[in-house]
Amino acid sequence: MAATPQQLKQLEAAIQCALAPNADPRKPRALQLCQQFRDTPHAWRSCVQLFASTSNEAVRFFTLQTLQYVLKRNAVSPENRATLRDALLRWVKAQATKQ
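Rules behind the numbers
- Residues numbered from 1 in each chain as written.
- Predicted model: local features only at pLDDT ≥ 70, side-chain atom pairs only at ≥ 80, totals over all residues.
- Heavy atoms only, no water.
- Helix = DSSP H or I, 4+ residues; strand = E, 2+ residues; numbered from the N terminus.
- Rg over C-alpha atoms; globule rule 2.2 N^0.38 Å.
- Buried < 20%, exposed > 50% of the residue type's maximum accessible area, 1.4 Å probe, protein only.
- Areas by Shrake-Rupley, 256 points an atom, 1.4 Å probe, with all protein chains shown as cover.
- Lys, Arg positive; Asp, Glu negative; His and termini not counted.
- Charge placed at Lys NZ, Arg CZ, Asp CG, Glu CD.
- Core = buried A, V, L, I, M, F, W, Y, C linked by side-chain atoms within 4.5 Å.
- Contact = heavy atoms within 4.5 Å.
- Axes fitted to C-alpha atoms, helices over the stretch in contact; angles between N-to-C directions.
- Parallel < 35°, antiparallel > 145°, perpendicular 65-115°, else oblique.
- Left-handed = near helix turned anticlockwise from the far one by under 90°.
- Nonpolar A, V, L, I, M, F, W, Y, C, P; charged D, E, K, R; others polar.
- Salt bridge = Lys/Arg side-chain N within 4 Å of Asp/Glu carboxyl O.

Participant: What am I meant to see in the overall build of the protein here?
Facilitator: The helix and strand inventory of the protein stands at five helices and zero strands. Secondary structure elements of the protein, listed N to C terminal, follow the sequence α-α-α-α-α. Taking 2.2 N^0.38 as the reference for a compact globule, 99 residues should give roughly 13 Å; the C-alpha atoms of the protein span a radius of gyration of 14 Å, in line with that estimate. Taking the principal axes of the C-alpha coordinates as reference, the protein spans close to 40 × 35 × 25 Å. Taken across its 99 residues, the protein has 33% of its residues classed as buried. Just so you have it, the protein exposes about 6500 Å², and 58% of that area is on carbon and sulfur atoms. The average position of the 14 basic charges and that of the 6 acidic charges among the side chains of the protein differ by 1 Å.

Below, the structure is given as structure tokens:
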């Protein structure tokens, strides 16, 4: 199930808050939300969506870390691994053609 644009915005805000170096009082809750997100069954789909749509490098880094985490846990079926690979390759190709 794909995340809605609103859900992606909320996730991106939580990631930015969790990774921010400042002492934001919302940081513990943001860290908790990020951890909960990593353990959801379709986290990889939202990561691919967010990775492709954000310009924030910290958010991209988090999404790649999350993808690594779910792949190591074998939480992505072989069919979905192919979908994931194809989506990341499309992003790389799109970036290469921008240059």
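From this point, the narrative continues.
Participant: Can you help me understand the nonpolar core in this one?
Facilitator: As a rule of thumb, soluble globular proteins bury nonpolar side chains together. The biggest cluster of nonpolar side chains holds 22 residues, and the ones touching the most others in it are I15, C34, F37, W44, V48, L50 and L67. Of all elements in the fold, only α1 (5-19), α2 (27-38), α3 (43-53), α4 (57-72) and α5 (78-98) reach the threshold of two or more residues within this core. Of all the elements, α1 adds the most residues to this core, at six residues. Setting aside chain neighbours within four positions, we find C34 in contact with A14, I15, A18 and F62.

Participant: Looking at this structure, I do not really get the packing of α4 against α5. What am I missing?
Facilitator: Each pair of packed helices can be described by the angle between their axes along with the distance between the axes. Running from N to C, α4 and α5 cross one another at 155°; their axes reach a closest spacing of 13 Å. Considering the angle they form, α4 stands roughly antiparallel to α5. In this structure, α4 crosses over α5, and the sense of that crossing is left-handed. Contacts between α4 and α5 involve R60, L67 and L71 on the former and, on the latter, R81, L84, L88 and W91. Of the residues in the contact of α4 with α5, the class split is five nonpolar, no polar and two charged.

Participant: Looking at this model, I keep getting lost on the pattern of salt bridges. Mind explaining?
Facilitator: Opposite charge on two side chains permits them to pair, given that their charged atoms come into close proximity. In total, this model carries three salt bridges according to the counting rule given. Close ionic contact of R73 with D39 constitutes a salt bridge, the shortest N to O distance being 3.8 Å. Of this pair, R73 sits in the loop between α4 and α5 while D39 sits in the loop between α2 and α3; the two residues are 34 residues apart in sequence, bridging distant segments of the chain. For R73, a relative accessible area of 42% corresponds to the partly exposed category. A salt bridge links E57 to R60; the shortest N-O distance between them is 3.3 Å. Taken together, the positions of E57 and R60, both in helix α4 and three residues apart, correspond to about one turn of that helix. Looking at E57, the relative accessible area reads 55%, which means it is exposed. The buried category is assigned to R60, whose relative accessible area is 15%.

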